[in-house]
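Here's the letter readout for the chains.
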Amino acid sequence: MTNYEDLIPRFLKYVKTETRSDEESNTVPSAPNEVTFLHELEQELNDLGLAEVKYNEANGYVTGLLPSNLDKNVPTIGFLAHVDTADFNANGVNPQFVENYDGQSIIKLDPAGDFVLDPAEFPSLKKYAGHTLITTDGSTLLGSDDKSGVAEIMAMLSYLLAHPEIKHGDLKVGFGPDEEIGTGADRFDVADFDADFAYTVDGGPLGQLEYETFSAAAFKLHIQGKNVHPSGAKGIMVNAIQLGVDFQSAFPANETPETTEGREGYYHLLSFNGTVEEADLDYIIRDFETTGLEARKQFVTDLVAKMNAQFDEPRLTLKMWDQYQNMIDVMKDHMSVVQLAERAMNALGITPDEEPVRGGTDGSKISFMGLPTPNIFAGGENMHGRYEYVSTQVMSQAVDVLLKINELNVTEN
């Protein structure tokens, strides 16, 4: 494991910049803070001396090229990460260091100890004996998803530029917005990026190598009630809140995120806001099989129709859309890209963890656009909330893997 001097300072700087994406926005990127941060990364790429650095107004991606220093042609590799963070407080991120963690002790995030990292609740901590951990202070998320990936790609570039004796082919890098709201890769320009294959550096713990994801859909349900004074409501009032409760209660109780694992899919109620007069519910649907996702979508459609049939006029309005597909449908024909990452990890003594990811990455969409893009670990644990943390050693190992992928690409071609 190499010590990359600029890796952690970059990461700390990045996470202190608030870049939460906005699902309600119609702009690309969805939030102005993302635009500001992306332009800062654009400047950093220019400062490093990369070629073809630009900010694409059409899709919000910052891209750049580290030109080959070889006297032969090898495939062009792309490395991608997203800059936005999840829908949790990201203002005033105050990273804390836990040096030489023993793998057993409870870590107090805030001085009062109201929020703690307890190995009894988070057994993943036991893996990190001897590591330096970066945590939150309990009031925000950390932003390792995916500013770890951003910092790791930058550290790879910085290291290669500081060591011109290391041979490499053309390397393309890209930093994009809005992954957390599922729209970031919608406008990614594969032709303009011009790589032969790519990796998103957006995974979790050491060794994660993901090329199979959920297939995903989402829907919004609007319920129109009828509010009258409760004294004379019998036979007249239609309580939109109660209809929302009835709707949610009709779903299988054992098919939620908190009751499923492995290859099991689910329905997930994200938000429920309402009054007697009207209510709005937001859901996501996940399944590893396309047929399973379609069956779940049909269940929702049928349920809406069944409930509307109780009334003289429709009370429930459904808006549903697909988000992304299981990338294995593409990656099964490009397993050489996965195998290259496997060889890189094995050469470094890292065991690849290739469990299907219970989520998605920008690589899901980008792979279907014609650029095979599996996902590599970036190090984060407990992502999207106040209990998020990352090991500095694992972040360094992620950079090792990126450099080893490049090395093998040179020596094997």
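Just above, that's the structure.
Residues numbered from 1 in each chain as written. Predicted model: local features only at pLDDT ≥ 70, side-chain atom pairs only at ≥ 80, totals over all residues. Heavy atoms only, no water.

**Student:** Tell me about the sheet that holds strand β17 (residues 389-391), residues and numbers included.
**Tutor:** Sheet architecture is open: four strands sit in the order β4-β7-β17-β16, paired in antiparallel fashion. Each edge of the open sheet is held by one strand with a lone partner, namely β4 (96-98) and β16 (380-381). Bridging between β4 and strand β7 (residues 133-135) involves three bridges; their strand directions are antiparallel. In the strand pairing of β7, F97 is matched with I134. Against the sheet, helix α10 (residues 392-411) touches β4, β7 and β17, its axis set at about 60° to β17. (Pairing = 2+ DSSP bridges. Helix = DSSP H or I, 4+ residues; strand = E, 2+ residues; numbered from the N terminus. Contact = heavy atoms within 4.5 Å. Axes fitted to C-alpha atoms, helices over the stretch in contact; angles between N-to-C directions.)

**Student:** So what's going on with helix α5 (residues 240-249)? Residues and values would help.
**Tutor:** The set of residues buried in α5 consists of A240, L243, G244 and F247. Here the buried residues of α5 occupy an arc of 100° about the axis, which is enough to place them on one side. Buried residues in α5 make contact with β11 (215-224), β12 (266-274), β13 (278-287), α6 (290-308) and β14 (316-324). Of the residues that open α5, the one with a side-chain oxygen 2.9 Å from the backbone nitrogen of I241 is N239. (Buried < 20%, exposed > 50% of the residue type's maximum accessible area, 1.4 Å probe, protein only. Arc of directions from axis to C-beta. Polar contact = N/O pair within 3.5 Å; in protein donor to acceptor, adjacent residues only side chain to side chain.)

**Student:** Quick one: what's the story with the packing of aromatic side chains, residue by residue and with numbers?
**Tutor:** Within the structure shown, the criterion is met by 19 aromatic pairs. Between Y61 and F188 the ring centres are 4.9 Å apart and the planes differ by 70°, which places this aromatic pair in the edge-to-face class. One end of the pair, Y61, is in the loop between β1 (51-55) and β2 (62-66); the other, F188, is in the loop between β8 (171-176) and α4 (190-193), with 127 residues separating them in the sequence. Pair check on accessibility: Y61 and F188 agree, each one buried. Measuring from ring centre to ring centre gives 5.9 Å for F197 and Y199, while their planes differ by 85°; the resulting arrangement is edge-to-face. Judged by relative accessible area, F197 falls into the buried class, the value being 10%. Y199 gets classed as buried once you look at its relative accessible area, which sits at 0%. (Phe/Tyr/Trp six-rings, centres within 6.5 Å; stacked < 30°, edge-to-face > 60°.)

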